[in-house]
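# Overview (structure and organization)
Chain by chain, the residues:
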Amino acid sequence: MSGHTEHTTPTGGYEPKIMAFVCNWCTYAGADLAGTSRMEYRPNVRIIKLPCTGRIDPLFIIKAFENGADGVLVSGCHPGDCHYTTGNYHARRRWIGFKNLMEFAGIDMRRLHFSWVSASEAIKWVDLINKVTDEIKALGPFMEYKGLKEKSAEQGE
Amino acid sequence: MPRIGVFVCQCGNNIAATVDTKKVAEEMGKLPGVVYTCDYKFMCSSPGQEMLKQAIKENKLDGLIVSACSPHMHEKTFRKAAEAAGLNPYQCEITNIREQCSWVHHDKTKAAGTVKSIDLTRMTIQRLKKNQPLNKIKIPVKKKAVVIGGGIAGIQAALDIAEGGREVILVEKEPSIGGNMARLSETFPTMDCSQCILTPKMVEAELNERITLYTYSEVEKVDGYIGNFTVTVRRKAKYVDEERCTGCGECIEKCPFKVESAFELGLSKRKVIYTPFPQSVPNVPVIDAPNCTKIQKDKCGACAIVCGPKCIDFKMEDKLETVEAGAIVVATGYQNMPNERFGEYGYGRIKDVISGMQFERLASSSGPTGGEIRRPSDGKVPQSVVFIQCVGSRDEKKGVSYCSKICCMYTAKHTKLYSHKVHGGQSYVFYMDIRSGGKRYEEFVRGAIEHDGAMYLRGRVSRVYEKDGKIMVQGADTLSGSQVEIEADMVVLATAVVSRDGADTLAQRLGIGYDKYKFYNEYHPKLKPVETVTAGIYLAGTCMGPMDIPESVAQGSAAASKVLALFSADEMAREPITSVVNRTTCNACWDCLTACPYTAIEREAIKDRQGNVVRWVAKVNDGVCQGCGVCVAACRSKSIDLKGYTDEQVFAAINAF
Amino acid sequence: MKIPYYPGCTLNTVAKQFDTSARESASSVGFEMKELAQWNCCGATFPLTPDNVIGLTAPAKVLSNASKEGDTLTTLCAVCYNVLKRTNKVIRDNREKRNVINGFIEEEYDGSVNILHYLEVLRDKVGFDKVKASVKRPLKGIKAATYYGCMLLRPFEDIGIDKAERPTIFEDLLAALGAEPVEFANKIECCGAHLAMNNEEVVTTLSGKVMTSAVGAGAELIVTTCPLCQFNLEKSQPKVAEAGSGYSPVPVIYFTQALGLALGQDIATLGFEKNSSDIMPLLKKKGIA
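Residues numbered from 1 in each chain as written. Chains lettered and ligands numbered in written order. Predicted model: local features only at pLDDT ≥ 70, side-chain atom pairs only at ≥ 80, totals over all residues. Heavy atoms only, no water.

Turning our attention to the sheet that holds strand β3 (residues 63–68) of chain B. Residue and element names in this part refer to chain B. Strands sit in the order β2-β1-β3-β4 across an open sheet of four strands; the sheet is parallel. Edge positions in the sheet fall to β2 (34–40) and β4 (92–96), since each of these pairs with one other strand and no more. The average undirected angle you get between the axes of adjacent strands in this sheet is 15°. When strand β1 (residues 4–9) meets β3, the two strands line up parallel, connected through five bridges. Its bridge partner being in β3, V6 is matched across the sheet by I65. Contacting β3 and β4, helix α3 (residues 71–84) runs over the sheet at an angle of about 150° to β4. Strands β1, β2, β3 and β4 of the sheet are contacted by helix α5 (residues 112–129), whose axis makes an angle of about 160° with β4. (Pairing = 2+ DSSP bridges. Helix = DSSP H or I, 4+ residues; strand = E, 2+ residues; numbered from the N terminus. Axes fitted to C-alpha atoms, helices over the stretch in contact; angles between N-to-C directions. Contact = heavy atoms within 4.5 Å.)

What follows is the structure, given as structure tokens:
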């Protein structure tokens, strides 16, 4: 079921794969605005839309890495602006704990980003994607984790 | 094997310019389960939709993907089309290849847009395979409304709902409806008398056959959800039979005891059996039990002796009544900040320092002085009056940080009333800024200054004290940069508008939000100004924050229109994106219950055949759940899932990454 | 009951009568003021003006010393009280500043000492009822103006001895002593305080307002809580009288002197001779001395 695209462009350079989990009301709409404003940004990100960042299960992020993501981005409404009043606070709290765990597990935290992007912040969205993409591109493919997955798959099967 | 169709839209040239839509369709056709693909110029056009419908039928599709613009644009359109072709609408998913691909990745030669479109569509296809057909949630609606608060906002809401043909229970804490507006003398900027415009509405509310007044009553408990609330109202004992009372007033006449009148803010006295003011609606007196000697010590009983219809019952008790209602309008209004907090202004110590609302009573023709401006201490007509604005407002240290909004206008009105009633009298106004935004408001303030001779001084007052029978007001005039001291006969404080005592308790009963000043929160400050986060509960008037009469009335009507829209159908249909609990694995840790922002999660008892409770599990109330999914991520045993965004669906999409 | 006591510089020098009368009175109502073994100047209000913790080290040192002698500390001078109480609040509530201050004074002080003004001790620890019961020489018939000044009440969220704009603690004490407190407009206004050094005119105007408003309200005696107020009022009084507004001077005394007087102490020990206004004619007139 894994993807068709490779870690390379037609011209052969390395291009990272980035997964973004965003909320429906703020960040998804912000990304839409970037589109309607015809802003250009790096094409490496694949968005999965959820109703709220509060819906995001940390397992989603682990699964994304497992499926070959070189970086993961989580973004939702600014604190206080949540469509569901408090969902993003839950997300933030969960994130703090999760981040500590990932750091403890030795994941390079430059591969994992958390941000607030509102429906009007198309520019912020574009800057964020470009920044994250460039940073992860500089880090190179996320081989450590990939290796782990294959190893566990061997043991499991 | 699923039978999936993939429809790739060119959006004219909007997508096709940078994304090779044909290639996307071709690539998707290679995936297992995809039995039909096409690309087309405008999928959302009528021919496009027709084509989609036909393809569903001809190919017996059980799911489809439209790779086109943002789902925020046309998800509804395509789901409707799918439904028309006999498919469950939630078997139609959108991939956003315009806002996320063609419009942001401009260079076609690099094919970045095409590659990304293929990835995204593939992810959506895998997600779709895990979709379950969903049905809109239908909730029966009880077409009766409860309006809490009988001030002008509540009266307006009740009248409008009744006008729309629905029944209303109007609950008011005091013995009469009318609220704060009943106290006012004239209203800005038109200077028409408050009573003259309010009392007809009060009477209309009383006479309207669809409106039932529950005066001297308070909401004690609220259960249920939109369309199906159960409201428990405490109807306090009036000791007077409302049905039989003719409102003759004999009892009031004969009652030998007097206490301070709360309605008149201590400016005059009332009897122990009383109506708050002469035009009270309903015109039925109540007995103030703590002060009644008959009730407390079984002495007197004069009122019962003179009562013709014999409707006084000293043994009457509070009654709890439950009302089934589909919607609730909260219009509980405001009160003024206690003046005693401001020792420097001498309120309570100096008799002739009064509040703005007390001035309203002095100026009102039905007030304690019959509309003559006479000071409370000795009944003399004051020759100079100092008005102090922003008492507590815009004062984070001692009061509240917000602007009370109405004081600039009513103080200007007070100076006008004063100059009309006391010729030759001089009024002074200490202000911070004049905030007169509103239709004909600025002209009104200019009029007070230019025609009615009010002296406006920009600055704060530091101290008010008595000296030789005069009230000395010491303050700063920041425009001339000097200190001023004014001898006044009376001082009027424009005290801050604050929320009602107990506003927080009521909010907790209703499950609605409030801010740090205990003003109720609207769902969205701009686009949903009368809704709350709890569906079916609406707001109107000053319970949300300071506002003037026109705004309160407009909000009353707005809330009523929301109620009527809700009542326009027997059932309410809602998106089926709600959480659902797996009862077999739920271990009742209640993490979901504390996480839910909407109190949509309840405790459900699982019972054996004898009716003994075996264990407890969480249960989602579909009427209340808004589908945020916070509970899903909070659940440790993975026993809650969000329909439309199930773990399975999300993992399928991630796995196709 | 022993309560650690911080006199401050003024009470050790020019306001000695404030100190002695307070100590004497304390023993009459059943507590002992135990002077701190080691103390230094609180820095007056100067440390509180800039946003700089280094100035707070002087009062912090006093507080740290006090913490070694008990959990409360009493003081008489309104300025000392203000400085100590506010410094203590900073140390208690602001961990960052606390660490800096403790680093400088080489102590581990956490802001736990409860600072009570002498008036608070009388009200909360002794009780005005007990004070009233101990009165041997009631100040009957004396219309007394209770001049709070500013340091005892403000900033009210830090000080909180009583309601900042409408305090009653001082009146309640004077009433317990048998005097008749008068209500006057300027009882919590500033006397001019430190400006006595560089702008005497302001002091004369402000203190003048206090005294004319007190005497205008019928006061025969002005009672103070602060050495600066006492100094400024006494010093300005002749000038105000000379200005010819019809003002005639009245005696100005410390509240502890009034207390000692009422508690029946020997008048000669109360240090009235150190005051520049003479109280004796008033006492004779009222039949007290």
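From this point, the narrative continues.
Turning our attention to the interface of chain C and chain B. Listed as interface residues are nine residues of chain C and, on the opposing side, ten residues of chain B. When chain C packs against chain B, the two sides together hide about 980 Å² of surface, and 46% of this comes from carbon and sulfur. Of all residues in chain C, the largest losses of buried area upon contact with chain B belong to C:E165, C:R166 and C:A185, amounting jointly to 54% of the total for that side. Scanning the region where chain C abuts chain B turns up five salt bridges. In this structure, B:K398 engages C:E165 in a salt bridge whose closest nitrogen and oxygen atoms are separated by 3.8 Å. In this structure, the connection of chain C to chain B is made through five residue pairs in polar contact (both at pLDDT 80 or more). (Buried area = accessible area lost by both parts, 1.4 Å probe. Salt bridge = Lys/Arg side-chain N within 4 Å of Asp/Glu carboxyl O. Polar contact = N/O pair within 3.5 Å; in protein donor to acceptor, adjacent residues only side chain to side chain.)

A few words on the packing of helix α3 (residues 57–67) of chain C against helix α5 (residues 95–105) of chain C. Residues and elements named next belong to chain C. Orientation of α3 relative to α5, taken along the N-to-C sense of each, is 80°, at an axis distance of 10 Å. On the basis of their axis angle, the class for α3 and α5 is roughly perpendicular. Seen from α3, the contacting residues are T57, A60, K61 and S64; seen from α5, they are I101, F104 and I105. Residues of the contact of α3 with α5, tallied by class, amount to four nonpolar, two polar and one charged. (Parallel < 35°, antiparallel > 145°, perpendicular 65-115°, else oblique. Nonpolar A, V, L, I, M, F, W, Y, C, P; charged D, E, K, R; others polar.)

Right, let's talk about the interface of chain A and chain B for a bit. On the chain B side, the residues contacting the 50 residues of chain A number 48 residues. Together chain A and chain B conceal approximately 4100 Å² of surface at their shared face, both sides included; 60% is due to carbon and sulfur atoms. In terms of residue count, helix α1 (residues 27–36) of chain A provides more of the side of chain A that touches chain B than any other element does, seven residues in total. For the side of chain A that touches chain B, the residue count by class is 24 nonpolar, 15 polar and eleven charged.

It helps to recall that an α-helix has 3.6 residues per turn; residues three or four apart then point in one direction. All names here are of chain B. Here helix α2 (residues 46–58) contains 13 residues, and its C-alpha end-to-end distance of 18 Å stays within 8% of the 18 Å for a straight helix at 1.5 Å per residue. Residues of α2 that are buried: G48, Q49, L52, K53, A55 and I56. Take α2 and look down its axis: the buried residues cluster within an arc of 160°, on one side only. Seen from the open side of α2, the exposed residues pointing more than 90 degrees away from its buried face are S46, K57 and E58. Buried residues belonging to α2 abut β1, β2, β3 and α3. Just downstream of α2, K60 is the residue with a positive phi angle, here 50°. (Expected span 1.5 Å × (residues − 1). Buried < 20%, exposed > 50% of the residue type's maximum accessible area, 1.4 Å probe, protein only. Arc of directions from axis to C-beta.)

Throughout the structure, instances matching the rule amount to two disulfides over all chains. Disulfide partner of A:C26: A:C77, at an S-S distance of 2.3 Å. Note on the A:C26 and A:C77 pair: the S-S dihedral is about 100°, so by sign convention the disulfide is right-handed. In this pair, A:C26 sits in the loop between β1 (18–23) and α1 while A:C77 sits in the loop between β3 (71–76) and α3 (87–104), placing the two residues 51 residues apart along the sequence. A relative accessible area of 10% places A:C26 in the buried class. Two residues, B:C193 and B:C196, share a disulfide whose sulfurs are 2.1 Å apart. With the S-S bond torsion at 95°, the cross-link from B:C193 to B:C196 turns out right-handed. For B:C196, a relative accessible area of 52% puts it in the exposed group. You can see B:C11 has no disulfide; the closest cysteine sulfur is in B:C9, sitting 5.1 Å from it. (Disulfide = S-S within 2.5 Å.)

What follows is about the environment of A:N88. All names here are of chain A. Within the element layout of this structure, N88 appears in helix α3. With 38 residues separating them in the primary sequence, N88 and V126 have C-alpha atoms 21 Å apart. Those residues in contact with N88 that sit more than four places away from it in its chain are C52, T53, C77, H78, P79, G80, D81, C82 and W116.

Attention now goes to the arrangement of the chains. Contacts are most numerous, across the two pairs of chains in contact, for chains A and B. With no contact between them, chain A and chain C keep their nearest C-alpha atoms 24 Å apart.

Summing up the model confidence of chain B, the mean pLDDT is 94 and the portion of residues at 70 or higher is 100%. Reported for the predicted complex are a pTM of 0.76 and an ipTM of 0.91. (pLDDT = per-residue confidence, 0-100.)

Looking now at the side chain of A:N67. Looking at where A:N67 falls in the secondary structure, it is placed in the loop between α2 (58–66) and β3. Only 2.9 Å separates the side chain of A:N67 from the side chain of B:N655, close enough to count as a polar contact.

Spanning 14 residues, α3(B) covers 19 Å between terminal C-alpha atoms, matching the ideal 20 Å at 1.5 Å per step. Three or more residues of α3(B) are buried, namely B:P71, B:F78, B:R79, B:A81 and B:A82. The arc that holds every buried residue of α3(B), seen down its axis, measures 160°, which confines them to one face. Of the exposed residues in α3(B), the ones pointing more than 90 degrees away from its buried face are B:K76, B:K80 and B:A84. Next to the buried residues of α3(B) lie α1 and β2 (45–50) of chain A together with α2, β3 and β4 of chain B. Positive backbone phi, at 90°, marks B:G86, one or two positions downstream of α3(B).

Here α2(A) crosses helix α18 (residues 647–655) of chain B at 20°, and the two axes come no closer than 9 Å. Regarding the angle of α2(A) to α18(B), the classification is roughly parallel. Here α2(A) runs over α18(B); the crossing is right-handed. For the pair α2(A) and α18(B), contact is made by A:L59, A:F60, A:K63 and A:A64 and by B:D647, B:V650, B:F651, B:I654 and B:N655, respectively. Class assignment of the residues belonging to the contact of α2(A) with α18(B) gives a composition of six nonpolar, one polar and two charged. (Left-handed = near helix turned anticlockwise from the far one by under 90°.)

Looking now at the environment of B:Y402. Residue and element names in this part refer to chain B. Looking at the secondary structure, you find Y402 in the loop between β21 (384–391) and α12 (407–421). Judged by relative accessible area, Y402 falls into the buried class, the value being 15%. Engagement of the side chain of Y402 in a polar contact is seen with the backbone oxygen of V497, the distance being 2.5 Å.

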